[in-house]
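Residue-level structure breakdown
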Amino acid sequence: KISEEFNCSVSIAVRDAHDRAAVAYGTVDYSTGRRASTKDRYAWGSITKMLTGASILRLVDAGDLSLHDEVAPIVDPLLARMATANPEQKYSSMADIWGAEHVQGTTIYQLLSMTSGMPDFDTAEDCGKPSCPDPLRASLYKDWKHAWSPTKLMGADWVAQKWKEGCNKVGPLSSKLPPESFCYSSTSYIMLGMVLAAKANAASWQDYDQGAPLPAYLKEKLTFATKGAPKKYTHVHGYDRTTYNVKAGEHADHDNWEVAGVFSGWTASNTVATPEAVADLTWEIYGPEHKLLPEKTVNLMLPPTNGLYGLATMKLNGNTGQNGGKYGRAYGHMGATYGYQSMSAYFPALQAVITVGTNIERNEQEQPAAAMCLAHGALAGMTCTSFKPCKCSFPPDSDDKKHKPHKPLPPATVLELAGLAGAVAAKPLENQKKIRGAWCGTNAATAVQYLSRAGIAIALAVKECAARVPPAEDATAMEKFMYNAMNACAADITEIFGSLIWVGAYLSMVATECASHSKLQDLCAGMIQALVGALSQTAAAGDVARATCKVPPEVPEYVAPFPVRRLEEARVQPAEPPPAEALHQAPLRKAEEQPAPGGPGVSPAVVAWDAKVDMSKEDLDLETAMCVQDSMQAAVMLGQFGVALDQSIFSCPLDDLSPWTRNLCVEDISMMLLFVFQASSQVAGAVSHCGKAIGLRMGSMCYASIMRVVSAAGGLPAVAAGLDLSCPGTKHNLYKTFHGLTPAITHISSLGRRLANATWDVASRAASALAQGVPARDQQAQGETGE
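Description of the structure in this document. For clarity, every value in this text was computed on a predicted model and none was experimentally measured.

1. Description of helix H9 (residues 187-199)
Here H9 spans 19 Å end to end across 13 residues, near enough to the 18 Å set by a 1.5 Å rise per residue. Within H9, 12 of the 13 residues are buried, which leaves the element mostly enclosed by the surrounding structure. Residues of H9 that are buried: Thr187, Ser188, Tyr189, Ile190, Met191, Leu192, Gly193, Met194, Val195, Leu196, Ala197 and Ala198. Looking at the buried residues of H9, the elements they touch are helix H2 (48-61), helix H3 (72-85), helix H4 (94-98), helix H6 (108-113) and helix H8 (150-154). Just past H9, the residue Asn201 takes up positive phi, approximately 60 degrees.

2. A closer look at the sheet that holds strand S1 (residues 10-15)
The six strands are arranged S2-S1-S13-S12-S11-S10 in an open sheet whose pairing can be described as antiparallel. The open sheet has two edge strands with one neighbour each: strand S2 (20-25) and strand S10 (314-315). The sheet contact formed by S10 and strand S11 (residues 331-337) spans two bridges and is antiparallel. Bridge pairing in S11 links Lys315 to Tyr331.

3. Here's the deal with the state of the cysteines
Tallied over the full model, the rule gives one disulfide. A sulfur-sulfur separation of 1.9 Å characterises the disulfide bridge that pairs Cys465 with Cys489. The disulfide joining Cys465 to Cys489 has a torsion of about 95 degrees about its S-S bond and is therefore right-handed. In this pair, Cys465 is assigned in helix H16 (residues 432-466) and Cys489 in helix H18 (residues 488-513), connecting sequence segments 24 residues apart. Judged by its relative accessible area of 25%, Cys465 is partly exposed. By relative accessible area, Cys489 is classed as buried at 9%.

4. Digging into the nonpolar core
Formed by 119 residues in total, the largest nonpolar core has its most connected members in Met94, Trp98, Met191 and Met194. A per-element tally of this core places H9 first, with nine residues. Beyond its immediate stretch of four places on either side in the chain, Trp98 contacts Val103, Met118, Pro119, Met154, Val159, Ala160, Gln161, Lys162, Trp163, Thr187 and Met191. Residues Ile435, Ala447, Trp502 and Ala644 belong to the second largest nonpolar core, which totals 21 residues.

5. Some points on the pattern of salt bridges
If you walk through the whole model with that rule in mind, you get 12 salt bridges. Note that Arg137 is salt-bridged to Asp134, the shortest N-O span being 2.7 Å. Of the two residues examined, Arg137 and Asp134, each falls in the buried class. Linking Arg137 and Asp240 is a salt bridge whose minimum nitrogen-to-oxygen distance equals 3.0 Å. In this pair, Arg137 is assigned in helix H7 (residues 135-142) and Asp240 in strand S7 (residues 239-240), connecting sequence segments 103 residues apart. Accessibility expressed as a relative area gives 1% for Arg137, which makes it buried. The network of salt bridges with shared partners includes Arg15, Arg20, Lys221 and Asp280.

Basis of the calculations
- The residue count restarts for each chain, going from 1 along the sequence in the order it is written.
- Totals for whole chains, interfaces and linings use all residues, but because this is a predicted model, local features are given only for residues with pLDDT of at least 70 and pairs of side-chain atoms are given and counted only at 80 or more.
- Excluding hydrogens and water, the side-chain values take into account all heavy atoms of the structure.
- A run of H or I in DSSP becomes a helix once it reaches four residues, and a run of E becomes a strand once it reaches two; helices and strands are each numbered from the N terminus.
- A helix is expected to span 1.5 Å for every residue after the first.
- Each residue is placed in one exposure class: buried if its accessible area under a 1.4 Å probe, protein chains only, is under 20% of its type's maximum, exposed if it is over 50%, and partly exposed if it falls in between.
- Residue contacts are counted whenever heavy atoms from the two residues lie within 4.5 Å of one another.
- Strands are treated as partners if at least two bridges between them are detected by DSSP.
- Pairs of cysteine sulfur atoms within 2.5 Å are what we label disulfides.
- What is meant by a nonpolar core is a set of buried Ala, Val, Leu, Ile, Met, Phe, Trp, Tyr and Cys residues, joined one to another through side-chain atoms within 4.5 Å.
- Just to be clear on terms, a salt bridge is a Lys or Arg side-chain nitrogen sitting within 4 Å of an Asp or Glu carboxyl oxygen.

Here it is, written out as structure tokens:
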């Protein structure tokens, strides 16, 4: 299932104290079509950090190191020896790289917990845009035959002299430590490799044997790549499908099988092995037999209760689909290197290990997470009578393959995980499901109304374009252009185009508002269509306004309040009209005293004005249709105004919480203006068309057309905010606020109306676990070469 959803190979291994199992599916080489096998070897990226950390802690247990030892005195002699042997290495101490003021006081513990401030050499970082630059990736791909050594990485321009402040305040991330004090850095684990090499009296980093601490049976199964591309170690090709270094809206598709830089991270990211072998490694580090480390030392590695990272260990609860409880507890590490992503976790309640390897790299690492969750559910369901099975899904952010999203979460859960529980009452969110139903209904009704309007506009265009008089022959080119662009025929054509675009916009909105989950692509399409539709109908309304709005109004004076049109018989020629002053002085007559058509109250000017529209039977039918259409659309717009008002009351008190909620408030206020102006325009249009349909000239088309122009202007902020919320940059905008919770937020509620659409009683478990997931890059945002 996961293999087909993400179009990749997936290999899973499971083990406990008694049994082992493995399964593999998918394609490992798309050039030959080679299928996956459980014996395939993958690149495991940052899972290497588990062994590097365990190797350091073995020295601590043996008394050869202390967690509080400073790093520089240990590694500086090794760095000096390597600089002497290699003139290209421009530094001989840690102080040469980062300055004495920074490295002084940097301890083993800080490197293990990634709280030292040592910068990450990986340049794959979320820049807040649909596509971000990754200079190291670009360099490795350009010169694909040559890898960057760990010493070259430490001297890179973006690493040397780039110490991060604020990362070394207290220790590992916890509830009492500011989030910025945790700085994910693979460079820290290269430096820990230097510590291990120095303690082993190695002449250089290449001479250190990473497998030395392993049991004999594992030494044969694990390979640590110090040179060469994946091609040298495995036939599994790794494919980069990230959005780094590509055009916005695109994904890479780069085969990294021959890229030597995949293993540049050394002791941070150079393990090559089968999933079964990595499962064994994870078991030896965390398992109940404690062969590699004693239990008390393993406990030091585990992340704190409210933290994400311990010592070389990630909290992986978010990949079990469980919210709390012993079966939801998991720890180990995720891995992401160029073209390969993976995860290995130990589940203490099950006393079992699950390891997942895949041969694609994506920004958010959904495929190993989804495979882990499904495997955990299957294993727990077989071994535990009290386990409550749950569904898992980590949907792709591109169209690798079709996927089925999971159901949304309860509002209280989302608020709690987003850190808003103290700022927002959950009760208002519980009404959002009803509001969402109202949006669904009114959007569907509006789509039907615009389709009807397009049909009527087509009939009008047939008539008015056929009757169009060409511009004068002596007119200038500009005059001819203006004449052709601003007449009834042009207005009808733009009205048809705009109405059909609006149909598409509202159908796109229906597709997401009426579904069980939000669909960002439909919302984005709807917003773009709304923008085009508003511009088109504004042009049409401008043409109507130009024809009907005159200052002063070109309306003849008459005594009767409204001229009555004679519909079935020939119009009677009126008598000679009285002088103008007499008309001004004549009082309005009662209805029964008004003259019959053709009487003294109807002048030739009145007749000419009243006859602007040829009231044939066909015209009458069109006026009647527009009368009904405008009336119904006015009612729908008033309903939408009410829904937008309700949403403004809900969203605007949240305005200061985040850029996301600020956009939500702007959108809802703007939609109020859009719908009230549109309703006003439709009412005015209905008065005019209904009046003409029964033979009265009501003269309100000027007001109707002006309101349509104003409504488009009033709705532009809604479109802008909606685009920001739902188009490709949305997730990057939300990352600034919700960070690791962003996938859940975008899946549940792109416009804030899906927070309460929950009927799934176990979904909250997955959400809470997701929020406790892993640090940014290994989950989605930060980066590390060869994680």
